[in-house]
Amino acid sequence: MGSEGPSPVIVHVTGFKKFHGVAENPTETIVSNLKDYMKKRGMPKGLILGSCSILDTAGQGALVPLYQTLQAALSGGGDLESSNSRRIIWVHFGVNSGATMFAIENQAVNEATFRCPDEMGWKPQKVPIVPADGAISRKRETSLPVEEMTKVLAKMGYEVMTSDDAGRFVCNYVYYHSLRFAEQNGIRSLFVHVPLFLTIDEETQMQFAASLLELLASLY
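Residues numbered from 1 in each chain as written. Predicted model: local features only at pLDDT ≥ 70, side-chain atom pairs only at ≥ 80, totals over all residues. Heavy atoms only, no water.

Student: Help me understand unusual backbone geometry, please; the structure alone is not making it clear to me.
Tutor: Leave glycine aside and you will find that most residues have negative phi; peptide bonds, for their part, are mostly trans. A positive phi angle, near 50°, is found at Lys-126, a position not held by glycine. Of note, Lys-126 is situated in the loop between β5 (107–109) and β6 (139–141). Residue Lys-126 is classed as exposed on the basis of its relative accessible area, which comes to 59%. (Helix = DSSP H or I, 4+ residues; strand = E, 2+ residues; numbered from the N terminus. Buried < 20%, exposed > 50% of the residue type's maximum accessible area, 1.4 Å probe, protein only.)

Okay, here's the thing in structure tokens:
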């Protein structure tokens with residue numbers, strides 16, 4: 001590698017499959033098409049787009065595949081291991097069907113209170129996501145500069161806001177586990193809520209996802 005400057009940022013991305021009330025999840029489309037979209041657009045210098053995975057919209061029942069996905073990002077790369085493993089960012093996309101804008105989520109809470117059963121039939125109420133972390137009021141925050149990122153994306157013309165409430169459903173559940181995993185492994189994690197394609201069309205959402213990745217690469 002020599003001294004060619006900083007090693008690239010590796011961004012791994014997840015979306016979700018359909019769930020109760022949302023027959024077609026826009027994040028499945030965004031994440032499935034992201035690699036091709038970025039190739040056409042031109043991958044920015046200093047960015048490697050790693051895995052693009054679609055998660056089941058489920059909590060406890062989908063925990064093993066979630067951790068397999070998170071863990072795979074650390075074990076990939078062989079000789080890049082030592083320097084690059086610290087420059088890994090997870091970006092999780094989830095849908096908020098009532099939203100009118102994009103939301104960059106600053107934190108997750110250690111509480112699972114599902115308003116409807118997840119896709120595996122689990123419907124916890126006021127359950128700690130990670131019992132070892134203590135109370136359901138426990139929060140974990142991303143180490144990424146959410147406010148600053150929101151301002152930059154808004155200047156680009158996107159309808160975007162910072163949020164401190166990722167809900168108490170599967171999105172918050174996954175984000176909490178991911179933030180905990182990121183802290184333990186010296187990497188970073190971010191959750192972004194997107195509206196339905198009816199509210200913000202698919203092309204704009206693809207552009208937003210690409211702009212977000214470019215921004216993450218430029219932060220370093």
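Student: Honestly, the packing of aromatic side chains in this entry has me stumped. Any pointers?
Tutor: According to the stated counting rule, one finds eleven aromatic pairs in the structure shown. Each ring, one from Phe-19 and one from Phe-169, has its centre 5.8 Å from the other, and the planes form 50°; the classification is tilted. Of this pair, Phe-19 sits in the loop between β1 (9–16) and α1 (26–41) while Phe-169 sits in the loop between β7 (160–163) and α5 (170–185); the two residues are 150 residues apart in sequence, bridging distant segments of the chain. The same class applies to Phe-19 and to Phe-169, which are both buried. Considering the side-chain rings of Tyr-158 and Phe-208, the 5.2 Å spacing of their centres and the 85° angle between planes classify their relative orientation as edge-to-face. Here Phe-208 lies in helix α6 (residues 202–218) and Tyr-158 lies in the loop between α4 (146–155) and β7, a separation of 50 residues in the sequence. Considered together, Tyr-158 and Phe-208 belong to a single accessibility category, that of buried residues. Put simply, the rings of Phe-19, Phe-114, Trp-122, Phe-169 and Tyr-173 pair up and form one aromatic cluster. Here the basic side chain of Arg-115 rests over the ring of Phe-169, its NZ or CZ set 4.7 Å away from the ring centre. (Phe/Tyr/Trp six-rings, centres within 6.5 Å; stacked < 30°, edge-to-face > 60°. Lys NZ or Arg CZ within 6 Å of the ring centre and 35° of its normal.)

Student: Can you help me understand the nonpolar core in this one?
Tutor: One recurring pattern in soluble globular proteins: nonpolar side chains tend to sit buried together. Phe-93, Ile-104, Leu-190, Val-192 and Leu-212 are the most contacted members of the largest nonpolar core, which has 64 residues in total. Those residues in contact with Val-192 that lie beyond four places of it in its chain are Val-91, His-92, Phe-93, Gly-94, Ala-103, Ile-104, Phe-208 and Leu-212. (Core = buried A, V, L, I, M, F, W, Y, C linked by side-chain atoms within 4.5 Å. Contact = heavy atoms within 4.5 Å.)

Shape descriptors only; they carry no functional weight alone.
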